[in-house]
Amino acid sequence: MRRSVRKAVFAGYATVACLAVGSALGVTLAPLTIGEQPDGSVLVSSHQRLTPVGTVKRLARSRPKALAVSPNGDLVALLATGQVLLCRTDGETVATIPGIDAGPLGICWSPDGKSVYASMNNGKIARIAVEGANVTRQEDRIVRIPGAPAGNPQVTGLAVSGDGKSLFAALGIRNTVAVLDTATGDFVREIPVGPAPYHVTLSPDGKTLAVACRGSRPTTDREAQARTAGTAVRIDPKTDASLGGTLALVDTATYGVRTVDAGQLPGGMAFSPDGKTLHIASANDDSLLIVAVTEGKVRKSVSVRPKEDPGFGQIPADVAVSSDGKRVYVACGGANAVAVLDAGSGRITGHVPTGWFPIAVRERQGTLFVASTKGIGSRAGKGVHDTVGTVQFIPPAAMTDLATLSRTVAGNNGWGKSEPPARKNLAPVPVPERVGEPSVFKHVIFIIKENQTYDGVFGDMKDANGNPIGNGDATLCTFPEEVTPNHHALARQYVLLDNTYTSGTNSADGHQWTVSGIANAYMEQNYGAHSRSYPYDGGDALAYSPRGFLWNAALASGKTVRVYGEFVNKPRVRHRETGKSGSFFEIYEDYRTGMKNYEITADTDNASLKPHLHPTYIGFPSIVPDQWRADRFIDDIDRFETAGAMPNLCILLLPNDHTMGTSRNVPTPRATVADNDLALGRIVERVSKSRFGKETLILVIEDDSQYGVDHVDGHRTVALCISPYTRRGQVVSEMYDHTSILRTIGLVLGIPAMNRFDRTATPMTACFTSTPDPTPYQALPNRIPLDERNPAPTALRGEARRLAEASERLDWSDVDRADAGIVSRAIWYSQFPNRPFPSAAYHPPTDEDENRAK
């Protein structure tokens with residue numbers, strides 16, 4: 001059996017059952033592809049299916065963050081990227097308020113139902129007046145703390161006092177709650193709480209404000225700790241991940257604070273109707289905490305991890321309690337479902353299917369309102385940021401058959417897939433079926449690149465005879481074979497992977513997926529609102545999976561590890577005399593003449609990674625050419641050969657296909673991609689010709705795919721599988737993603753799964769043959785000068801000039817601070833100055849506010 005059907009059971013889906021039967025009979029089957037499926041489900045790049053129930057409202061190019069139900073229960077206010085929506089409880093839109101630069105979360109109603117407050121990413125709070133059918137945006141409240149340093153305090157959770165006079169605003173970076181006067185917007189006072197306060201909720205009697213703080217301060221100097229946005233938090237020394245969170249219970253009359261230890265990465269909260277019990281979603285340990293409010297202590301911790309799906313990854317993000325107090329609803333972002341619990345026993349009674357990553361849930365008189373931040377994926381324009389978020393309006397009648405809904409959720413997630421022990425006395429194969437069984441490979445080299453789609457590089461792919469191969473669209477190919485000869489040659493000589501996807505969206509979550517196989521609730525909540533941190537290079541313990549990273553898992557399994565550039569958040573590039581960092585062209589020229597003038601060093605805040613990090617191989621910034629990086633790794637291969645030993649796992653960041661846009665005094669986009677292409681070719685050639693080549697597997701993928709469009713999905717990306725046992729000259733259309741690569745590495749090296757996603761992932765078995773071909777790879781020279789400069793905007797015309805000027809105004813001081821939409825278009829027009837950017841051709845023929853019943 002081969003090709004594109006994973007043998008997980010999707011209960012109730014006749015289509016998948018037919019595919020399984022066809023495969024068993026040896027029938028050639030069409031590959032599973034991202035998007036809407038014939039059975040009405042949606043397949044997304046985390047390799048999960050979606051079957052949201054109730055009335056499903058789609059939000060094109062907008063990701064929901066939080067929602068709140070009006071005091072009279074008639075309206076739902078939704079905070080989403082770029083907007084606030086007011087909807088009736090049947091899903092019909094009442095008003096859309098555009099131009100909202102949404103924060104991570106934070107939306108609430110005043111007690112009289114006449115005002116909605118929404119957190120913004122710029123340190124402001126939007127106030128929206130609601131007078132019947134008349135909805136208007138008033139002047140935004142600016143959160144200014146007297147005497148505080150200038151800067152964005154990061155407004156997160158919001159609540160209005162019972163008398164309507166005070167607005168409570170959690171400030172994520174300041175680790176406080178600000179109290180504002182609702183009438184004037186003036187600052188009243190600031191209440192210190194724990195590190196990184198996000199969610200807040202007010203008790204039914206208005207006397208207690210609960211504040212969920214994502215981090216836990218260290219209590220002694222001897223405790224392992226790291227800083228997040230300047231604040232020290234406790235961490236697990238084995239993984240560098242945040243260890244613990246806190247709950248602040250604020251007396252709204254005296255502003256006194258009681259602090260309670262509260263699980264791992266505490267998030268959404270809900271009081272019981274009588275106010276005596278508080279339920280908290282503890283996202284990093286898959287549990288629901290039940291707090292006795294009067295006593296100020298956690299009375300019980302209830303796991304939301306079903307026995308059929310062990311391992312971290314349910315990611316409870318929010319919680320609601322039914323109006324009668326009998327049921328608790330937990331939005332499980334990792335399972336794309338709401339878990340329904342009996343409030344008395346804490347027992348899970350079933351699951352309700354949702355969109356992709358439910359991030360907020362509310363209940364009113366038996367009806368559920370669920371906002372899923374990634375919705376149905378990147379379907380609005382085939383760019384990775386073209387997410388179609390969803391909001392579900394689920395009446396009680398849609399949840400009467402909870403047993404059937406639960407089976408559907410189990411099928412959507414592949415629950416029940418076991419992890420049997422390794423068998424003995426088996427012959428080595430490329431990819432063993434079970435962890436611990438022998439592989440022909442002793443070494444894996446995992447190369448992470450930056451930001452390209454499949455069509456952007458391989459859309460023009462042809463075989464040796466010049467015939468198009470793979471599922472590509474040549475009209476979308478930004479960096480064709482002229483720019484990327486080695487990528488094309490490697491895909492042509494080994495396997496062309498035309499159905500492989502990034503699991504994340506940008507570098508912040510993309511690097512979490514590539515090296516830990518998951519993005520936690522903190523990462524998903526912060527999408528588009530990274531004022532606290534943008535941890536593409538590490539540096540924020542709150543962003544990490546509690547199960548750690550690939551290097552932690554490998555080391556725990558007794559494997560040797562060497563890391564090159566990944567999570568180097570302390571790179572240093574300096575001129576030996578002036579101390580300045582220099583430009584790409586200055587460093588490139590110095591590189592060509594022996595690198596006598598510049599010193600380059602690498603360091604990281606991740607203590608568990610530091611001993612295994614190459615000391616001079618940096619990831620970013622891109623002012624250093626990828627040829628420098630290739631040289632560092634090739635030098636190590638030489639050293640390994642002399643020593644007769646090579647690490648089992650090498651992880652390399654090769655980032656320059658990220659490009660530097662079309663600003664003047666930097667290389668053209670195609671030059672930086674050509675630099676990346678040549679470096680990759682040189683690395684593969686050296687490894688394939690080394691004494692380790694016959695036992696080495698090289699896997700390559702982008703961390704994200706945000707700088708291009710793709711005719712299948714914005715997540716579809718460039719990936720390569722290179723080894724003597726890789727099938728030659730074949731197209732492999734099995735559906736893979738980041739977790740497929742991690743699962744393959746785990747099976748090859750005997751590393752157990754880190755979480756539920758890599759445990760259920762499809763390994764890349766279809767890429768291999770049992771008969772090796774040891775023919776080494778010969779790198780191809782670059783066809784584009786690596787120091788080709790962008791022209792000055794004045795030398796350009798039309799859209800190319802406008803975008804080059806816009807590119808110069810962007811923030812290039814760090815990764816992804818520059819607007820991805822502008823950069824993508826600037827890159828396109830640098831390659832095709834007379835061809836319109838293609839995104840308009842890929843908009844779906846549906847209304848952005850379409851209501852759909854499933």
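Scoring rules and cut-offs
- Residues numbered from 1 in each chain as written.
- Predicted model: local features only at pLDDT ≥ 70, side-chain atom pairs only at ≥ 80, totals over all residues.
- Heavy atoms only, no water.
- Helix = DSSP H or I, 4+ residues; strand = E, 2+ residues; numbered from the N terminus.
- Buried < 20%, exposed > 50% of the residue type's maximum accessible area, 1.4 Å probe, protein only.
- Contact = heavy atoms within 4.5 Å.
- Areas by Shrake-Rupley, 256 points an atom, 1.4 Å probe, with all protein chains shown as cover.
- Lys, Arg positive; Asp, Glu negative; His and termini not counted.
- Charge placed at Lys NZ, Arg CZ, Asp CG, Glu CD.
- Pairing = 2+ DSSP bridges.
- Axes fitted to C-alpha atoms, helices over the stretch in contact; angles between N-to-C directions.
- Parallel < 35°, antiparallel > 145°, perpendicular 65-115°, else oblique.
- Nonpolar A, V, L, I, M, F, W, Y, C, P; charged D, E, K, R; others polar.

Asks: Describe the overall build of the chain, listing the residues and the values that go with them.
Replies: When its secondary structure is counted, the chain shows 14 helices and 47 strands. Dimensions of the chain, computed from the C-alpha atoms along their principal axes, are close to 75 × 65 × 60 Å. A burial count over the chain gives 63% of its 854 residues as buried. Counting contacts in the chain only where the partners sit at least 6 residues apart, residues at least 24 apart contribute 64% of the total. Total accessible area on the chain is roughly 29,500 Å²; 50% of this is exposed by carbon and sulfur atoms. For the chain, the centre of its 90 positive side-chain charges and the centre of its 89 negative side-chain charges are spaced 3 Å apart.

Asks: An account of the pairing of strand β14 (residues 155-160) is requested, with residue identities and associated values reported.
Replies: Along a regular strand, successive side chains alternate from one face of the sheet to the other. Counting buried positions along β14 gives 6 out of 6 residues, so the element sits mostly inside the fold. From the end of β14 to the start of strand β15 (residues 166-171), which pair antiparallel, there are 5 residues, and glycine 164 there has a positive phi angle of about 80°.

Asks: So, unusual backbone geometry: which residues are in play, and what are the values?
Replies: Residue proline 621 follows phenylalanine 620 across a cis peptide bond; omega there is 10°. A positive phi is found at aspartate 286, a non-glycine position, where the angle reads about 50°. Among the secondary structure elements, aspartate 286 is positioned in the loop between β25 (277-282) and β26 (287-292). One non-glycine residue, asparagine 336, lies in positive phi territory at about 55°. By the secondary structure assignment, asparagine 336 is in the loop between β29 (327-332) and β30 (337-342). The exposure class of asparagine 336 is buried, given its relative accessible area of 4%.

Asks: Break down the packing of helix α4 (residues 485-493) against helix α10 (residues 669-688) for me, citing the residues and quoting the values.
Replies: At a closest axis distance of 7 Å, the pairing of α4 and α10 adopts a crossing angle of 45°. Of the possible angle classes, the one that applies to α4 and α10 is oblique. Between α4, through Pro485, Asn486, His487 and Leu490, and α10, the contact on the second element is made entirely by Asn676, Asp677, Leu678, Leu680, Gly681 and Val684. Grouping the amino acids of the contact of α4 with α10 by side-chain chemistry returns 5 nonpolar, 4 polar and 1 charged.

Asks: Would you mind going over the sheet that holds strand β43 (residues 696-702) in detail, with residue names and values included?
Replies: The mixed open sheet is built from 6 strands, whose spatial order is β41-β38-β42-β35-β43-β44. Either end of the sheet is taken by a strand with one partner, and the two such strands are β41 (613-618) and β44 (719-722). Averaged over neighbouring strand pairs, the angle between their axes works out to 10° when direction is ignored. Looking at chain direction, strand β38 (residues 561-565) and strand β42 (residues 649-653) are connected through 4 bridges and run parallel. Among the inter-strand pairings, arginine 562 is bridged to a residue of β42, identified as cysteine 650. Across the sheet, helix α5 (residues 507-516) touches β35 (443-449), β42 and β43, and the angle it forms with β35 is around 170°.

Asks: Describe the sheet that holds strand β24 (residues 266-271), naming the residues involved and giving the relevant values.
Replies: Taken in spatial order, the 4 strands make up an open sheet running β24-β25-β26-β27, and their pairing is antiparallel. Edge positions in the sheet fall to β24 and β27 (297-303), since each of these pairs with one other strand and no more. Looking at each pair of strands side by side, their axes are set apart by 25° on average, direction ignored. Alignment of β26 against β27, held across 6 bridges, turns out to be antiparallel.

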